[in-house]
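For reference, the chains in residue letters:
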Amino acid sequence: MLPKRIAAMLLACCSLFMFAQIAAAHPAHVAPSSEVGLKPVQVFDVAAGKVIKTIPNDAAYQSFAASWIGSITGLAPQMTSDETCSYVYRVPLEKAVTIKTGDVKVTSDDLFLFYCKDKPPLLLVFDEKRRPYLFLFKADIKPFIQKVGVPAI
């Protein structure tokens, strides 16, 4: 059952990623960003299987993302998800970043934050070949969740 749940979570992230690519190709359907050229932040509800909120990206979101990247402790040994993993947040970056941990080096311009109640948050990053990498990190995500407003804290 666990491999099916993991596959479902990765499929959800890939769907969010593809939705974002389609939305970027059709800018009339995307909410305006407060920072010129930044794609919006999106909230994906895992249970609903869809994006439930699109938010203009700004310097605060870029700062949150930078703090997450700066506090990465390594690759997640495995993804154990259950019904507590309710939201995935897509935070497009102003410019691509390179994440280095151990012998892994990944460059990406998108971060996917997994929010699982009562569990440490996880960052999902896709490399240039769209291979997924899941990272553990230490930064506090509460200010980000409060700014997004989903879920209400």
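A quick note: this is a predicted structure, and the numbers were derived from the prediction, not measured.

What counts and how
Residues numbered from 1 in each chain as written. Predicted model: local features only at pLDDT ≥ 70, side-chain atom pairs only at ≥ 80, totals over all residues. Heavy atoms only, no water. Helix = DSSP H or I, 4+ residues; strand = E, 2+ residues; numbered from the N terminus. Buried < 20%, exposed > 50% of the residue type's maximum accessible area, 1.4 Å probe, protein only. Contact = heavy atoms within 4.5 Å. Pairing = 2+ DSSP bridges. Core = buried A, V, L, I, M, F, W, Y, C linked by side-chain atoms within 4.5 Å.

**Concerning the overall build of the protein**
So, point 1. Scanning the protein from terminus to terminus reveals three helices and seven strands.
So, point 2. Counting helices and strands in the order they occur from the N terminus, the protein gives α-β-β-α-β-β-β-β-β-α.
So, point 3. Counting only residues that meet the buried cut, the protein has 44% of its 153 residues in that class.
So, point 4. Counted over contacts in the protein with a minimum sequence separation of 6, partners at least 24 positions apart contribute 62%.

**Considering the pairing of strand β6 (residues 122-126)**
So, point 1. Judged by how many residues are buried, β6 sits mostly within the fold: five of five residues are covered.
So, point 2. Neither face of β6 is left uncovered, since the one carrying L122, L124 and F126 and the one carrying L123 and V125 both have all their residues buried.
So, point 3. Between strand β5 (residues 104-116) and β6, which pair antiparallel in sequence order, lie five residues; one of them, D118, sits at a positive phi of approximately 65°.
So, point 4. Note: β6 against strand β7 (residues 132-137), five bridges, orientation antiparallel. Across the sheet, L123 pairs through a bridge with F135, a residue of β7.

**Observations regarding the nonpolar core**
So, point 1. With 29 residues, the main nonpolar core has W68, Y89, F135 and F144 as its most contacted residues.
So, point 2. Of all elements in the fold, only β1 (41-45), α2 (59-70), β4 (85-101), β5, β6, β7 and α3 (142-148) reach the threshold of two or more residues within this core.
So, point 3. Those residues in contact with F135 that sit more than four places away from it in its chain are I72, G74, L75, A76, I99, T101, V104, V106, L122, L123 and V125.
So, point 4. By size, the runner-up hydrophobic cluster in this structure holds ten residues, among which are A76, F112, L124 and F126.

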